[in-house]
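# An overview of the molecular structure
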Amino acid sequence: FVSVPATKSVGRSASMTAFARSQSDVGYQKSSTRSSTIARKNSQGKFAPLKELGPRKSIAEKAGNDDNTEAIPKSDDFKPKVEYPSPHDCGEKAKNILKEYFVGGDTDDAVLSMHELIGIGTEGHDERGSKVVENSILMVLEMKKEEVDKFLTVFVRLAKEK
């Protein structure tokens, strides 16, 4: 091991110590213009030249569609269509979600996964939901009391949250 002597100031690398501080700033001072110096004095910030550019143009203005704002979809109007699996596949996936929950114990993840799997409020959610409950109950019937209690924790919370 090599002992390193303590220094009072923040150290720089060996290559940086070869330059004096005043020498490294000389090139910057020569290239600055009067307008950027005035802008810095007024705004007192490093990003003053960017602020002087003014507001940015929107996508519609850049495309030349100043009056036509229908070309840009709004976040409220755009909702991706979700493809839900068949009810039979939902039942199988529900069993996998429960098995993962029994091992990991993350109740929030299990409840969220069930909500996403069933897709409450969408077309066919009744069939998917009934198949999830059916397959889950049939799987838990063959398990120990501890797993049944965990199962009840998830499904009671699902019923409360709808």
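As a reminder, the structure under discussion sits directly above these lines.
First, a word on what this report is: a plain description of the structure on this page. Please read these numbers as outputs of a predicted model, since none were measured by experiment. (Residues numbered from 1 in each chain as written. Predicted model: local features only at pLDDT ≥ 70, side-chain atom pairs only at ≥ 80, totals over all residues. Heavy atoms only, no water.)

Two side chains that carry opposite charge are able to pair once their charged atoms sit near each other. A complete count under the given rule lists 5 salt bridges for this structure. In this structure, E134 engages K131 in a salt bridge whose closest nitrogen and oxygen atoms are separated by 3.8 Å. Of this pair, E134 and K131 both sit in helix α7 (residues 125-140), 3 residues apart, which is roughly one turn of that helix. Here E134 falls in the partly exposed class, since its relative accessible area comes to 40%. The residue K145 makes a salt bridge to D149 at a minimum N-O spacing of 3.1 Å. Of this pair, K145 and D149 are both found in helix α8 (residues 145-161), 4 residues apart, which corresponds to roughly one turn of the helix. On the basis of relative accessible area, K145 is assigned to the exposed category, the value being 63%. Given a relative accessible area of 36%, D149 falls into the partly exposed group. Several salt bridges share partner residues, and in doing so they unite D108, R157 and E161 into one network. (Salt bridge = Lys/Arg side-chain N within 4 Å of Asp/Glu carboxyl O. Helix = DSSP H or I, 4+ residues; strand = E, 2+ residues; numbered from the N terminus. Buried < 20%, exposed > 50% of the residue type's maximum accessible area, 1.4 Å probe, protein only.)

With that settled, the discussion passes to the packing of helix α6 (residues 107-118) against α8. For the pair α6 and α8, the least separation of the axes is 10 Å and the interaxial angle reads 55°. Regarding the angle of α6 to α8, the classification is oblique. The hand of the α6/α8 crossing is right-handed. Of the residues in α8, those touching α6 at T107, D108, A110, V111, M114 and H115 are T153, V154, F155, R157, L158 and E161. The residue makeup of the contact of α6 with α8, split by class, is 6 nonpolar, 3 polar and 3 charged. (Axes fitted to C-alpha atoms, helices over the stretch in contact; angles between N-to-C directions. Parallel < 35°, antiparallel > 145°, perpendicular 65-115°, else oblique. Left-handed = near helix turned anticlockwise from the far one by under 90°. Contact = heavy atoms within 4.5 Å. Nonpolar A, V, L, I, M, F, W, Y, C, P; charged D, E, K, R; others polar.)

Right, let's talk about the packing of aromatic side chains for a bit. Counted by the stated rule, this structure contains 2 aromatic pairs. Geometrically, the ring pair formed by Y101 and F102 is tilted, given 6.0 Å between the ring centres and 50° between the ring planes. Overall, the relative accessible area of 6% leaves Y101 in the buried class. Residue class for F102 comes out buried when judged on its relative accessible area of 11%. (Phe/Tyr/Trp six-rings, centres within 6.5 Å; stacked < 30°, edge-to-face > 60°.)

Right, let's get into α8. Between its first and last C-alpha, α8 extends 24 Å over 17 residues, near the 24 Å set by a 1.5 Å rise per residue. When we look at burial in α8, the residues that qualify are E147, F151, V154, F155 and L158. Buried positions in α8, seen along its axis, are confined to an arc of 90° and lie on one side of it. Seen from the buried face of α8, the exposed residues on the opposite side, beyond 90 degrees, are K145, E146, A159 and K160. Turning to α8, the residues buried within the fold contact α5 (87-104), α6 and α7. Of the residues flanking the end of α8, it is K162, one or two places downstream, whose phi is positive at about 50°. (Expected span 1.5 Å × (residues − 1). Arc of directions from axis to C-beta.)

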